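# A look at the structure
Single-letter residue listing:
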Amino acid sequence: MDEIVKALTESFGPSGRESKVRELLIELIKDPVHGYEVDKVGNLIAWKGEGGKPIIFVAHMDEIGIVVTNKIKNGFYRIEPVGGVSPYVALSSRFVLEDGTIAVVGYEHETAEEAKKNLSNLTFDHLYLDTLGKDIELGTFGVYNRGFHKNGDLWISKAMDDRIGCAVLVELVRRVEKPKRKFYVAFSIQEEVGLVGASVIAYPYDVEEAIAIDVTDSADVPKGFKRHSMVLGEGPAIKIRDKISISDRRIVEKMVEVSKKNDIPYQMEVLTMGGTDAGALMKTKGGIPSATVSIPTRYIHTPGEVVSAKDVDNTVKMLLEYIQAV
Ligand code: CO
Ligand code: ZN
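Residues numbered from 1 in each chain as written. Chains lettered and ligands numbered in written order. Predicted model: local features only at pLDDT ≥ 70, side-chain atom pairs only at ≥ 80, totals over all residues. Heavy atoms only, no water.

Distances from the cobalt ion (ligand 1) to its protein donors, namely Asp161 (OD), Glu192 (OE), Glu192 (OE) and His301 (NE2), fall within the range 1.8 to 2.6 Å. Around the cobalt ion (ligand 1), the four donor atoms sit at angles spanning 54 to 145 degrees, and that spread fits a shape best called irregular. Mapping the donors of the cobalt ion (ligand 1) onto the primary sequence yields the spacing D-x30-E-x108-H. Taken as a pair, the cobalt ion (ligand 1) and the zinc ion (ligand 2) show a spacing of 3.3 Å, with Asp161 coordinating each metal. Placement of the pair is Asp161 in helix α5 (residues 160-175) and His301 in the loop between β16 (290-297) and β17 (305-308), with a sequence separation of 140 residues. Taking relative accessible area as the criterion, His301 reaches 21% and is therefore assigned partly exposed. (Donors = N, O, S within 2.8 Å, 3.2 Å for Na, K, Ca; no water. Tetrahedral: all angles 85-135°; square planar, octahedral: opposite > 155°, others 65-115°. Helix = DSSP H or I, 4+ residues; strand = E, 2+ residues; numbered from the N terminus. Buried < 20%, exposed > 50% of the residue type's maximum accessible area, 1.4 Å probe, protein only.)

Written out as structure tokens, the structure is:
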């Protein structure tokens, strides 16, 4: 499975520019699924099985990134974050742009005093993109230029958020042989800029449940956020709530029951921040009961997002059993 994760995380796909990721996903799923389509805004939806209580699983294809907003002078540009990019993380990072240009981010500091001031309150006003002299178009998108690496059970890459969710869904359609109900695996666009794709992704289909697969904060680091309990390696996190939605209680209870019954490790997730596609799925049509299953991840929204392979595998197992527990 690590090859799929490597291919997906290293693929280029900031919000609004997901086509390469979508093409790769189509290649990965087209054989095991019974059908697929790309909707009018670019979401990819595939399905397998029939009857029962139809369910849709959604992972987002897009990743955070930057967009070029203005030219300063030759080879130097102003940028804006696409999704949650911290200026502190962007500073000194390498980016790859959609035309293949490799660039680096610097900050303005004409005096030592200005350096101190800007570093203590860094904003995109003080940052610039150095394209190594290359001329680029305004509106060009970019993502962190950092690849996949593994050390035993721990995997690191840019864009684990949420290509790891995409990889879980690819594995899911590959592993389910005789689904007891129709299920959809769907890959949404523009989650990072406001759950855009997920707002319409389930609309055309008759689904009775929706589950978003995404990453969540892992607090198992020195001085990790102490109001969070999630850790790497102890199983998928069944979300109770985040800042924008509260998971449907019946789905949460069923997910716990299925996990216990099948000896799949799990943890409960009570997140104080963030949100997932579940927040949009819940508000589709007359309302679709929705929840999120999360993969604990260190350093979310940085080029060094770390997950545990054990959690990834257990997430696939959990969803597989959930499909069959109709
Ligand atoms: Co994110
Ligand atoms: Zn995400």
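Looking now at the coordination of the zinc ion (ligand 2). The zinc ion (ligand 2) binds to the protein through His60 (NE2), Asp161 (OD), Asp214 (OD) and Asp214 (OD), with metal-donor distances spanning 1.9 to 2.6 Å. If you look at the zinc ion (ligand 2), its four donor atoms make angles of 52 to 147 degrees with each other, and the shape they trace is irregular. Site description for the zinc ion (ligand 2): donor spacing in sequence, H-x100-D-x52-D. Classification of Asp161 as buried rests on a relative accessible area of 5%.

In this section: empty space enclosed by the protein. With the rule as written, the count across this model stands at one cavity of 30 Å³ or more. Looking at the largest cavity, the residues that line it are Glu63, Ile64, Tyr144, Lys158, Ala159, Asp161, His301, Thr302 and Glu305. (1 Å grid on protein atoms, 1.4 Å probe; cavity = no way out; pocket = protein on both sides within 12 Å on 5 of 7 lines; lining within 4 Å. Points joined across faces, edges and corners; volume = space filled by probe spheres on them.)

To continue, consider the sheet that holds strand β4 (residues 65-73). If you walk around this closed barrel you meet the six strands as β4-β5-β8-β7-β6-β9, and the pairing is antiparallel. Averaged over all pairs of adjacent strands, the angle between strand axes in this sheet comes to 45 degrees, irrespective of strand direction. The pairing of strand β6 (residues 94-97) with strand β7 (residues 102-107) spans three bridges and is antiparallel. Across the sheet, residue Val96 finds its bridge partner in β7, namely Ile102. (Pairing = 2+ DSSP bridges. Axes fitted to C-alpha atoms, helices over the stretch in contact; angles between N-to-C directions.)

Before going further, it helps to spend a moment on the packing of aromatic side chains. Overall, the coordinates contain seven aromatic pairs when judged by the stated rule. An angle of 45 degrees between the planes, with centres 6.4 Å apart, marks the rings of Trp47 and Tyr205 as tilted. Here Tyr205 lies in the loop between α6 (198-201) and β13 (209-217) and Trp47 lies in strand β2 (residues 44-48), a separation of 158 residues in the sequence. Comparing Trp47 with Tyr205, the two get one shared label, buried. Over the ring of Tyr203 we find Lys285, and its NZ or CZ is 5.4 Å from the ring centre. (Phe/Tyr/Trp six-rings, centres within 6.5 Å; stacked < 30°, edge-to-face > 60°. Lys NZ or Arg CZ within 6 Å of the ring centre and 35° of its normal.)

The next thing to look at is the pattern of salt bridges. Scanning the model with the defined rule gives 17 salt bridges in all. Asp313 is paired through a salt bridge with Lys317; the nearest N and O atoms lie 3.1 Å apart. In this pair, Asp313 and Lys317 both sit in helix α9 (residues 309-324), four residues apart, roughly one turn of the helix. Here the residues in one salt-bridge network are Glu171, Arg175, Asp313 and Lys317, joined through shared partners. (Salt bridge = Lys/Arg side-chain N within 4 Å of Asp/Glu carboxyl O.)

Right, let's talk about the domain arrangement of the protein chain for a bit. When the parts of a complex come together, some accessible area is lost, and that lost area is often used as the size of the interface. Each assigned domain of the protein chain is listed with its residue range as follows: domain 1 (2-63 + 158-324) and domain 2 (65-144). The gap between the C-alpha centroids of domain 1 and domain 2 is 31 Å. Contact with domain 1, which involves 13 residues of that partner, is made by 14 residues of domain 2. Buried area between domain 1 and domain 2, both sides added, is near 1000 Å², and the carbon and sulfur share of it is 69%. Applying the counting rule to domain 1 against domain 2 returns one salt bridge. In this structure, Glu98 engages Arg17 in a salt bridge whose closest nitrogen and oxygen atoms are separated by 3.3 Å. Here the side of domain 1 that touches domain 2 is composed, by residue class, of four nonpolar, four polar and five charged. (Domains from an automatic or database assignment. Contact = heavy atoms within 4.5 Å. Buried area = accessible area lost by both parts, 1.4 Å probe. Nonpolar A, V, L, I, M, F, W, Y, C, P; charged D, E, K, R; others polar.)

By size, the foremost hydrophobic cluster in this structure holds 53 residues, and its most contacted members are Phe57 and Leu172. Here the element with the most residues in this core is α5; it accounts for nine residues. Each residue touching Phe57, except ones within four places of it in the same chain, is listed here: Leu169, Leu172, Phe183, Tyr184, Val185, Ala186, Ile211, Ile213, Leu319 and Ile323. Membership of the second largest hydrophobic core comes to 20 residues, among which are Val105, Tyr107, Ile136 and Tyr144. (Core = buried A, V, L, I, M, F, W, Y, C linked by side-chain atoms within 4.5 Å.)

As for its placement among the helices and strands, Leu138 is situated in the loop between β8 (127-130) and β9 (141-144). When the C-alpha atoms of Leu138 and Arg163 are compared, they prove to be 27 Å apart, with 25 residues separating the residues in sequence. Here Leu138 is in contact with Val68, Thr69, Asn70, Lys71 and Tyr77, once residues within four sequence places are set aside.

Counting buried positions along β16 gives eight out of eight residues, so the element sits mostly inside the fold. Two strands pair when backbone bridges link them, and strand β14 (residues 237-241) and β16 are joined in this way by two bridges, in the antiparallel orientation. Within β16, the position partnered with Ile238 by the bridge is Val293.

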